[in-house]
Number of protein chains: 2
Amino acid sequence: MSGPKLFLRLDLTSRVRLGPGKIRLLEAIEREGSISAAGRVLKMSYRRAWLLIDELNASFREPLVATKLGGIGGGKASVTALGRSVVRVYRAMEKEAERMVRRRSAPLLRQLRTGGDDKSKR
Amino acid sequence: MSGPKLFLRLDLTSRVRLGPGKIRLLEAIEREGSISAAGRVLKMSYRRAWLLIDELNASFREPLVATKLGGIGGGKASVTALGRSVVRVYRAMEKEAERMVRRRSAPLLRQLRTGGDDKSKR
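What counts, and where the lines are drawn
- Residues numbered from 1 in each chain as written.
- Chains lettered and ligands numbered in written order.
- Predicted model: local features only at pLDDT ≥ 70, side-chain atom pairs only at ≥ 80, totals over all residues.
- Heavy atoms only, no water.
- Phe/Tyr/Trp six-rings, centres within 6.5 Å; stacked < 30°, edge-to-face > 60°.
- Lys NZ or Arg CZ within 6 Å of the ring centre and 35° of its normal.
- pLDDT = per-residue confidence, 0-100.
- Contact = heavy atoms within 4.5 Å.
- Salt bridge = Lys/Arg side-chain N within 4 Å of Asp/Glu carboxyl O.
- Helix = DSSP H or I, 4+ residues; strand = E, 2+ residues; numbered from the N terminus.
- Buried < 20%, exposed > 50% of the residue type's maximum accessible area, 1.4 Å probe, protein only.

This paragraph deals with the packing of aromatic side chains. Taken as a whole and judged by the stated rule, the model has 0 aromatic pairs over all chains. The ring of phenylalanine 7 of chain B has arginine 9 of chain A sitting right over it, with the charged end atom 4.1 Å from the ring centre.

Residue and element names in this part refer to chain A. Of all residues in chain A, 88% have pLDDT values of 70 or greater, and the mean over the chain is 89. This stretch, residues 116-122, has a pLDDT under 50; its non-local contacts, to residues over four places away or in other chains, come to 12 contacts. The complex model carries a pTM of 0.83, and its ipTM stands at 0.79.

What follows deals with the pattern of salt bridges. Any two side chains of opposite charge can pair, on the condition that their charged atoms come close. Tallied over the full model, the rule gives 14 salt bridges over all chains. Linking arginine 91 of chain A and glutamate 94 of chain A is a salt bridge whose minimum nitrogen-to-oxygen distance equals 2.7 Å. Of this pair, arginine 91 of chain A and glutamate 94 of chain A both sit in helix α4 (residues 81-109), separated by 3 residues, roughly a single helical turn. A salt bridge links aspartate 11 of chain B to arginine 17 of chain B; its shortest N-O distance comes to 3.5 Å. Judged by relative accessible area, which is 33%, arginine 17 of chain B ranks as partly exposed.

This is how it looks when you write it as structure tokens:
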């Protein structure tokens, strides 16, 4: 068993929400160099990926993703310094929360039914 | 602004998941004394409330909610000692995560666009 897994969603304000989906998308754009390639990797439609990035960009003083118009298939995109710092802060929060959850959930894990053990692959 | 809000979902195993919905349901059952009353308060169908409790009860060595059969409208239900300790551990995790998130998100909040301020009521 790899220990409990945690999903952290953060509402910075009631309108600006950060969760694993947007963070993974930013990471994929950084890796792939375009929104459309990132969407493909994450099995997300281009439209959905674009809307999420548009929403993020509009929420912050500066864009998290900078785009250059391209031809058919879309242009290039890169994650800005601010975008990278958003990813970094989120991942650091997640790591700290994971350590805390591992520590605090031990008494609950002992109370799980044995048949409830985690045998599935994830 | 009341600061960032956080949603914590915990997968104790891939099959045993705890999040704010189930925890609120346990708290409502403790307050209301029945699954149907708790469901009503949370605007959740009786069927859904019952399925969530059934799933939780099956996941742990002992039930989190003890039920007594009743007549029409369902019987009484109470949260067991184990159920209360699950709620307590979850709420403690949430509190600790909230403190951590408040501390770590300060640099991100400063980068939010002013028009992104939280003026809506929640």
